[in-house]
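Structural features, examined
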Amino acid sequence: MKSNLLLRVLSSVVMVPLIWYVIWYGKSVYEDYSIDLFKIFLALLGAGLAWEWDNMFHKKQTVAGLWMTICAVFVAFLAEDNPAFSFWIILLGTTLAYWKSSANLAFSLGAFYVCLPVLALSWLYFSNGDSAKEMLLWLFFVVWATDVGGFIVGKTVGGPKLCPKVSPKKTWSGCLGGIVFAMLVAWIFAMYLKTYGYMDGSFQLTKKVLILSAGGLAIVSQIGDLFESYIKRKLDLKDSSNLIPGHGGLFDRMDGLIFAATVTALVVYLTGNGGMSS
């Protein structure tokens, strides 16, 4: 137990600064060296998720999984300039996966599960001006806080199970703990934005929006977590892979983000509010 916790901590110590650097300095690196770190990050993420999805269903790499991987990489590099076309690529990937997997509908729909968050993160990063970095960091921090809060409170308090048939270890206390931690981190993030001059408009209104949105995203993130747990239970798997020491696989780390990023992009698009200001 202690060794597994140590691995989780060490993995997080490596991953969190890397992701922060890619988000915060990605555009600067591109301007100085013409290396698009964020697109490379998205391509690796999409390819890794497609690889895991293929392995989860087939226990090996297949032609259908290869097509899904190719589509994910294409979306990562094309979504900045062609988000609508990228959605058609996802539909194409779904069709090709269905054809090459002998009409396995559940597997082929994984193209949406793999590629939609790649498209969503790309759109949030490249289509929301100067506030994109802050928005993405807020999104990642909220999802991470939900995971940490759920883990700490669930382990400490325990109590009634949230959804025992899908995820036996998750509790209602952990669920509420995740929501509280997410809202607390959103409050800290709002104070940071104000302190360093990143927030325009009415601070009180923007702070409330960030905090309440974090509470909603914490719920969405946990639904994503439960959805991945349901898939693993159906496939009789404990982890999506052993790619990340102490954490399992990419899906095990990104399950909440997959749902949260997609919902955030959809809400921002529908409301036409791409900034952190009110």
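Placed above this text is the structure.
Below or above, wherever it landed, is the structure these notes cover. None of the values given here were measured: they were computed from a predicted structure.

With respect to the packing of helix α3 (residues 63-78) against helix α4 (residues 83-100)
Remark: α3 packs on α4, axes separated minimally by 8 Å, with the N-to-C direction vectors making an angle of 175 degrees. Comparing the axis directions of α3 and α4 gives the class roughly antiparallel. Taking contact as the criterion, the partners of V63, A64, W67, M68, C71, F74, V75 and L78 in α3 are, on α4, F85, S86, I89, I90, G93, L96, A97 and K100. In terms of residue class, the contact of α3 with α4 is built from 13 nonpolar, two polar and one charged.

Some remarks on a nonpolar patch on the surface
On the surface, Y33, I35, I40, L44 and F77 cluster together into a nonpolar patch covering about 520 Å² of accessible area. Residue classification places I35 among the partly exposed positions, given a relative accessible area of 40%.

So, the nonpolar core
Among the nonpolar cores identified, the biggest contains 71 residues, and F38, V114, L121, L136, W138 and L139 are the most heavily contacted of them. It is helix α6 (residues 110-126) that contributes the most residues to this core, 12 residues altogether. Beyond its immediate chain neighbours, meaning those up to four positions away, L139 contacts L121, L124, L217, L257, A260, A261 and T264.

Topic: the environment of A47
Among the structural elements, A47 can be located in helix α2 (residues 37-58). Separated by 166 residues in the primary sequence, A47 and S213 place their C-alpha atoms 30 Å from one another. Aside from chain neighbours lying at most four places away, what touches A47 is T69, A72 and V73.

Here's the deal with the packing of aromatic side chains
The tally for this structure, following the rule as stated, stands at 19 aromatic pairs. Among the aromatic residues, those joined into a cluster by ring pairs are W53, F57, F107, Y113, F227, F251 and F259. The ring of Y125 carries the charged tip of K27 above its face, separated from the ring centre by 4.9 Å.

Side note on the environment of G174
Following the sequence through the fold, G174 ends up in helix α8 (residues 172-195). Sequence spacing of G174 and T156 is 18 residues, and the spatial spacing of their C-alpha atoms is 8.8 Å. Excluding anything up to four places from it in sequence, G174 contacts G149, G150, V153, G154 and Q222.

With respect to the pattern of salt bridges
Overall, the coordinates contain seven salt bridges when judged by the stated rule. In this structure, K39 and D36 form a salt bridge, with 3.9 Å as the shortest nitrogen-oxygen distance. K39 gets classed as buried once you look at its relative accessible area, which sits at 9%. Salt-bridge contacts for K232 lead to E228; the nearest nitrogen and oxygen are separated by 3.5 Å. One end of the pair is K232 and the other is E228, both in helix α9 (residues 203-234) and four residues apart, which spans about a single turn. Under the relative-accessibility criterion, K232 is labelled buried at 10%. For E228, a relative accessible area of 1% puts it in the buried group. Residues joined in a network through salt bridges with shared partners are D36, K39 and E80.

Rules used throughout
- Residues numbered from 1 in each chain as written.
- Predicted model: local features only at pLDDT ≥ 70, side-chain atom pairs only at ≥ 80, totals over all residues.
- Heavy atoms only, no water.
- Axes fitted to C-alpha atoms, helices over the stretch in contact; angles between N-to-C directions.
- Helix = DSSP H or I, 4+ residues; strand = E, 2+ residues; numbered from the N terminus.
- Parallel < 35°, antiparallel > 145°, perpendicular 65-115°, else oblique.
- Contact = heavy atoms within 4.5 Å.
- Nonpolar A, V, L, I, M, F, W, Y, C, P; charged D, E, K, R; others polar.
- Patch = residues over 30% accessible without salt bridge, like charges linked within 9 Å, V, L, I, M, F, W, Y side chains within 5 Å.
- Areas by Shrake-Rupley, 256 points an atom, 1.4 Å probe, with all protein chains shown as cover.
- Salt bridge = Lys/Arg side-chain N within 4 Å of Asp/Glu carboxyl O.
- Buried < 20%, exposed > 50% of the residue type's maximum accessible area, 1.4 Å probe, protein only.
- Core = buried A, V, L, I, M, F, W, Y, C linked by side-chain atoms within 4.5 Å.
- Phe/Tyr/Trp six-rings, centres within 6.5 Å; stacked < 30°, edge-to-face > 60°.
- Lys NZ or Arg CZ within 6 Å of the ring centre and 35° of its normal.

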